[in-house]
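The primary structure of each chain is shown beneath.
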Amino acid sequence: MRDTHALTPVRVDPFAATLVAAIVLVVLRAVLDGRAMQDNFATMDNDDILRLVVVRDFIAGQGWFDMTQYRLLPPQGVVMHWSRYIDAGIAAIIVPLSWLLPMAMAEQLAVTIWPTAILGLTVLVIGYGTRRVFGAWPACFALAITVIWPTTGQLHAGAGNIDHHNVQMLMMTIVAFALIWPARPVIAGLIGGIAAAFSLAIGLEALPFIVVAGTMALGLHLLDITATNRAFLVTFCLALGLAAVLFWLGQTAPDLRAIGHCDRLSLPALALIAIAVTASGLAAAVTRFGALAGLVAAVLVTVAGCVLIWPVLAPCLDGPYGNLPAELQVFIATRISEALPLHLFIRDSPAGFVVFTLPVIVTAAAGGVMLWRGAAPRMALTVLWLFCLLGLVLAFYQMRTVVMAAAVVPMLGGVVIARALDAYLQTRAPKAAVICLALATTIIAPTLIAQQVTALTPNDDAPGSPLTAACRGYDALVGLNTLPPDVFITPMNLGPALLWATHHDVVSAGYHVDPAILMNAIRPYHLPENDMAAFLRQSGASLVLICSGATYDNDFATALAAGAQVDWLRPVPVPSEALLVFEILPP
């Protein structure tokens, strides 16, 4: 007799299939990119490169609380503003691997495994979280956005991206889910508060996101005074306050705890958190007399608290760059891509705007239309929409804040695309099909549009000469080890790479923690010959490194890169023709 079971169609769970496909794509991309990491790591972002240098020093025995990078501006070094918690996570991968493999290979694997693990965890959080709150099909599209959209799937998540931004984006996503989670408010508040605190511990870039999250938690309680909302608000704030203090104590040296730093978790940020916790706690207590009483209490405590901590808070109002010379502030605001305001970023990189910002704009716009039409669940969609708007609005000030929106775009964008698809399936109207396709393409795969923009603007991001491109390559840099250990002054994007690939020290790098290293990385290449000679001689460096064939902001530096020679710089032979090394001679 015929077996009819063999003809029974197999039902495939679309969410499970999409989740598996997303994880496979993440792992496959990591394998392909990780294989070339030894050669390509020198071309990564400066923060990623210097992070590995810091982790190396930590593994070699540098103290947990000692965040000084002694090879930057030797001999005193430069105290970095980063968190040791990220170093510990990366070191926890490198050390066991080094027992089985050469250290260089262990590092190569670790800088691939770390961001891949963070992205994998992000995929799981976004996938299961979106399915729980919005349903399976929005979760499928949310997963697609997470792994395909370059802002979430590659910018800070690819092999070699070991800086803290990927962890920070994950923490912001968890905080957003905590606010919209439909059950267990105490657990959600606890997890959200700890995630918010850890985000601040590893970097203050997400502070506006956390402030808005706390404000929304308070607002939700005032708009709907229930035991559930009160429990979440109190738990979130208490968890944030307690965890922030513990994380601060865990990474800050005892003799530095009384210093108010504006670029890391320290007294100013802790004081703001204390005010928020007190204001929210009092508001939750007095809302038994009505929402207005809670609002007044929160406002009064916030105003009084800010007045009380003003001496600590005021120096930080100008941001982390407020203490830098005006020349450096202007350079950062006009020449560093992530610090550019949106309009300058569009001018400099139209294709980059399409890839990184257009999906945020489209998601925010479509999300606003959904809310205007009464889409549900209204509270959850509103929270995500407000976070998306926050990142978009702040991008008009600095492009780096787009990551705040990126933390929620997969969830909100997933709902947008799923609802558009449902509208088409219900009507089969051509207009609905075009809208659905346009939304999906713009949010999930904006690179398809960016390719057309690049074709129309062929001079956008024009490539340099082959020698200039090779200047930062591993082979070129490691060749400098043929020289005895010495101190170099380099252009901004070469300092961290030189520290990673060689045994030399540097006095120049693109970090605001010490104005001297940033000035050394920028100013010499703007100066005429005599001024450049005087600057280099007082820099503390013995050797100057220049990319062969590069174009600099001053004709003299460009001429040096083209092969010109002067009597106060002695050429030093090196294996790579992509690099030019000169000994700085005394007057």
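Above this text sits the structure in question.
A quick note: this is a predicted structure, and the numbers were derived from the prediction, not measured. (Residues numbered from 1 in each chain as written. Predicted model: local features only at pLDDT ≥ 70, side-chain atom pairs only at ≥ 80, totals over all residues. Heavy atoms only, no water.)

1. Topic: unusual backbone geometry
(1) Moving on: For the peptide bond that leads from Pro74 to Pro75, omega is 5°, which places it in the cis range.
(2) Moving on: Turning to its location among the elements, Pro75 is positioned in the loop between β1 (68-69) and β2 (78-79).
(3) Moving on: Note the cis peptide between Ala376 and Pro377, where omega equals -5°.
(4) Moving on: Residue position: Pro377 is located in the loop between α18 (358-372) and α19 (378-395). (Helix = DSSP H or I, 4+ residues; strand = E, 2+ residues; numbered from the N terminus.)

2. Side note on the environment of Ala455
(1) Moving on: In this fold, Ala455 is placed in helix α23 (residues 447-456).
(2) Moving on: Put simply, Ala455 and Ala407 are 48 residues apart on the chain and 30 Å apart in space, counted from C-alpha to C-alpha.

3. Some remarks on the pairing of strand β5 (residues 543-547)
(1) Moving on: Of all five residues making up β5, five are buried, and the element is well covered by its neighbours.
(2) Moving on: Neither face of β5 is left uncovered, since the one carrying Leu543, Leu545 and Cys547 and the one carrying Val544 and Ile546 both have all their residues buried.
(3) Moving on: For strand β3 (residues 487-489) and β5, the ladder comprises two bridges, and the chain directions are parallel. For Ile489, the partnering residue across the bridge sits in β5 and is Val544.
(4) Moving on: Examined bridge by bridge, β5 and strand β7 (residues 579-584) share five bridges and lie antiparallel to one another. (Buried < 20%, exposed > 50% of the residue type's maximum accessible area, 1.4 Å probe, protein only. Pairing = 2+ DSSP bridges.)

4. A short note on the sheet that holds β5
(1) Moving on: One open sheet holds the five strands; their spatial order is β4-β3-β5-β7-β6, and the pairing between them is mixed. Among the strands making up the open sheet, the edge pair consists of β4 (505-506) and β6 (569-572).
(2) Moving on: By the bridge criterion, four bridges tie β6 to β7 in an arrangement that is antiparallel. Bridge pairing in β7 links Leu569 to Ile584.

5. Here we look at the side chain of His164
(1) Moving on: The residue His164 is located in the loop between α7 (150-153) and α8 (165-180) in this model.
(2) Moving on: In terms of polar contacts, His164 uses its side chain to reach the side chain of Glu205, at 3.0 Å.
(3) Moving on: If we ignore the near neighbours within four places in the chain, the residues touching His164 are Arg51, Ile86, Ile202, Gly203 and Glu205. (Polar contact = N/O pair within 3.5 Å; in protein donor to acceptor, adjacent residues only side chain to side chain. Contact = heavy atoms within 4.5 Å.)

6. Some points on empty space enclosed by the protein
(1) Moving on: Applying the stated criterion across every chain, the model contains three cavities of 30 Å³ or more.
(2) Moving on: Around the largest cavity, the lining comprises 14 residues; the ones closest to its centre are Thr122, Thr152, Asn166, Met169 and Leu170.
(3) Moving on: Among the elements of the structure, α5 (103-134), α7 and α8 are those that each provide at least two residues to the lining of the largest cavity.
(4) Moving on: Class assignment of the residues belonging to the lining of the largest cavity gives a composition of eight nonpolar, six polar and no charged.
(5) Moving on: If you add up the space inside the second largest cavity, you get close to 60 Å³.
(6) Moving on: Lining the second largest cavity are Val26, Arg29, Ala30, Thr116, Leu119, Ala157, Gly158 and Ala159.
(7) Moving on: Secondary structure elements with two or more residues in the lining of the second largest cavity: α1 (14-34) and α5.
(8) Moving on: Among the elements that make up the lining of the second largest cavity, the one with the highest residue count is α1 (three residues).
(9) Moving on: Counted by class, the lining of the second largest cavity contains five nonpolar, two polar and one charged residues. (1 Å grid on protein atoms, 1.4 Å probe; cavity = no way out; pocket = protein on both sides within 12 Å on 5 of 7 lines; lining within 4 Å. Points joined across faces, edges and corners; volume = space filled by probe spheres on them. Nonpolar A, V, L, I, M, F, W, Y, C, P; charged D, E, K, R; others polar.)

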